[in-house]
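Structural features, examined
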Amino acid sequence: MKDRYLENRYISVMKYLLIKQTVYGLLFMFILKTDAQVSPLNYNNYSDEELIQIIDNPGINLLVKKQVSDIYLLRGKAEADTIKIARAYDRLSRLFTNDSTLIYADSVILYTKNLKHKTYPGVGYLLKATHYSNKRQYSKALANYSEAQRYAVNRENIIHEIFIRKCVIDITSRWSSPEKAIKLGNDLLRIIDTLNYETVLTNTSRPSFKINDSVLSRHYLIDKLDVINSLITSYVLNKQYEVALSLTDEANIVIQELGDLKKEIKLKRRIAEIEYYRGNYKSSIDTLSKYFSHLTVTNSKLNSYYYLGMNSIKLGNQKMGLDYLLKADSVYMIEPYIVPSQRPFLAELYKIYKSEGNKLLQVEILNKILSVDSLFKESYKNINKSLIDNFETPQLLAEKEKLIAQLEWEQGREKRKQLFTGFLLLLSLGGCAYYFWKQRQYKMRFAAIVKDGLQPQEDQLNKQKRNEISAEIVDDILKKLERFEAKGQFTRGDVSLQSVAKRFNTNSSYLSKVVNLKKDKNFSQYISELRISYAVDQLQNNPRFRKYTIKAIAEEVGFGNAQSFSKAFKARTGLHPSYFIRNLNKQYPNNATSDSILQTE
């Protein structure tokens, strides 16, 4: 029952990922086809300002922006114009989600570090801070925001100061202190309402940037809405739901002036979430259901499923509530990242399974909760220590171990009765010492495999036995074995001594003797080691392979079941496959830079 449930969940997630990858692939091919006809030369006659407007236009696709940014960069270098070069690297940094963002941002800083400019090099630190924030590396983000703030104050760049404060308020609200975020937010809101945007934009924008009433109004309204949204979040986290609801009225006025339908729908969902906390469960469900089809962001879907589930449970519909929470869990499996305010959906699932007495699923959910708590503790420990202490990980670990012990006891009661006394004695005498020694051996073995790969077994030919078969037959079989290995035919599930001998047009006796002589092992060992070596290679170099279950990996490399694969893997590598995969995921773990940084320079 448990295996079928997890298998169905795994299949659903894999289908989603396959469809998503296919759609993205088709879209990318379409962009390539469209842009193949667009030559960078077409833009060479454009003015500098026209090029910048193309790059800053959200409706232009990525490849065109990259082409135009490169043209602008070449112009800057040809003219030895430091600001133009920095402006190009600034734009290039915003086009990427990987470490290229940091490289281009560092180029901005490098070229302008000795200039006294309103925008540069401060914006370089802003780009880095935004990148780290998108990657949830908030300590690094705050360090770069701090450096950007220093430049903003020294160069009197109020626009940068506002942006930095907005970002810090958002981080503070979600990860540190909602009360502090409320104070910072209200202070910033007062500053925005009294600020002369025409003056500050004129002082910080490039000379060719045209400032009109529409530009002034939009910047003011976006800044105001961002702060109001952060305040709504802060008041909800601080359980001041009526204040949060009143702020949604103010946010709605700003959104109507902006005329932004997406922001309006997002606000409706925020109101629905507040109504849940106010006890208006039916109203909350109606609103969330009405606007669910408009969701595109994974995290927003998780949030909506969570609140739909909790509302349903509050209304007494346990089955529907569980269905929604399981959907939230499926979203989490696709993108395993949540913020502390979303953690309760896992806790609620655990509560349901506990009430049903389903220990297997309790362990599964506890593993996820522990993983989430570990991520919070590891990634955000420098933000606020009190936040970490609230997750109560030690209690969860103790409860998880208790559940596992109960499951093992129930599934192997008779055997455990016989071994119980001896097990306790051995555990008390040598368990701890053995565990630490074994973990050290595992780590050393894992490091050796990752660094050098699986080394072949020593080749020892027995000349006396080899003389029993002619050299021509031995050479022929060896060549066919090389092709057999190169084509990966050993991964077929029906491989046997007889079937391979038939494929080689030889007899099984000859094949067996050649394998014994050349490989110093029998045929079954030979095939098993080829499969394990292949599995290790795929796990190291194919991230998708690491997402498979042990059973799926076993079938993929030719084993009949997970047990025989795990046994062979342990015998060949000295490690359990689950340990090897877990440590690979830690070593090779699987957000574009925000466009909300003002682009007027």
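Data block above holds the structure.
Conventions used here
- Residues numbered from 1 in each chain as written.
- Predicted model: local features only at pLDDT ≥ 70, side-chain atom pairs only at ≥ 80, totals over all residues.
- Heavy atoms only, no water.
- Core = buried A, V, L, I, M, F, W, Y, C linked by side-chain atoms within 4.5 Å.
- Buried < 20%, exposed > 50% of the residue type's maximum accessible area, 1.4 Å probe, protein only.
- Contact = heavy atoms within 4.5 Å.
- Salt bridge = Lys/Arg side-chain N within 4 Å of Asp/Glu carboxyl O.
- Helix = DSSP H or I, 4+ residues; strand = E, 2+ residues; numbered from the N terminus.
- Polar contact = N/O pair within 3.5 Å; in protein donor to acceptor, adjacent residues only side chain to side chain.

As a further point, take the nonpolar core. Of all hydrophobic cores here, the largest spans 50 residues; its most connected members are Y145, I338, F345 and L349. Setting aside residues no more than four positions away along its own chain, F345 makes contact with L302, Y306, L325, A328, D329, Y332 and I338. I159, L247, I255 and L267 belong to the second largest nonpolar core, which has 32 residues in total.

This next bit is on the pattern of salt bridges. On inspection of all chains with the given rule, the structure shows 28 salt bridges. The salt bridge partner of D193 is K224, with a shortest N-O separation of 3.5 Å. With a gap of 31 residues between them, D193 in helix α9 (residues 178-194) and K224 in helix α11 (residues 213-237) connect regions that are remote in the sequence. Residue classification places K224 among the buried positions, given a relative accessible area of 13%.

Below, the discussion takes up unusual backbone geometry. Residue P121 follows Y120 across a cis peptide bond; omega there is 5 degrees. When you line up the elements, P121 lands in the loop between α5 (100-112) and α6 (122-134). In this structure, A80 takes a positive phi of about 55 degrees despite not being glycine. Following the sequence through the fold, A80 ends up in the loop between α3 (62-78) and α4 (82-94). The class of A80 is exposed, set by a relative accessible area of 62%. The backbone phi angle of E156 is positive, close to 55 degrees, even though this residue is not glycine.

Moving on, we get to the environment of N196. Structurally, the position occupied by N196 is in the loop between α9 and α10 (197-204). Exposure remark for N196: the relative accessible area of 45% places this residue in the partly exposed category. Spatially, the C-alpha atoms of N196 and L216 are 9.4 Å apart, while their sequence positions differ by 20 residues. For N196, the side chain forms a polar contact with the main-chain nitrogen of E198, separated by 3.1 Å.

Shape is all these values report; function is a separate question.
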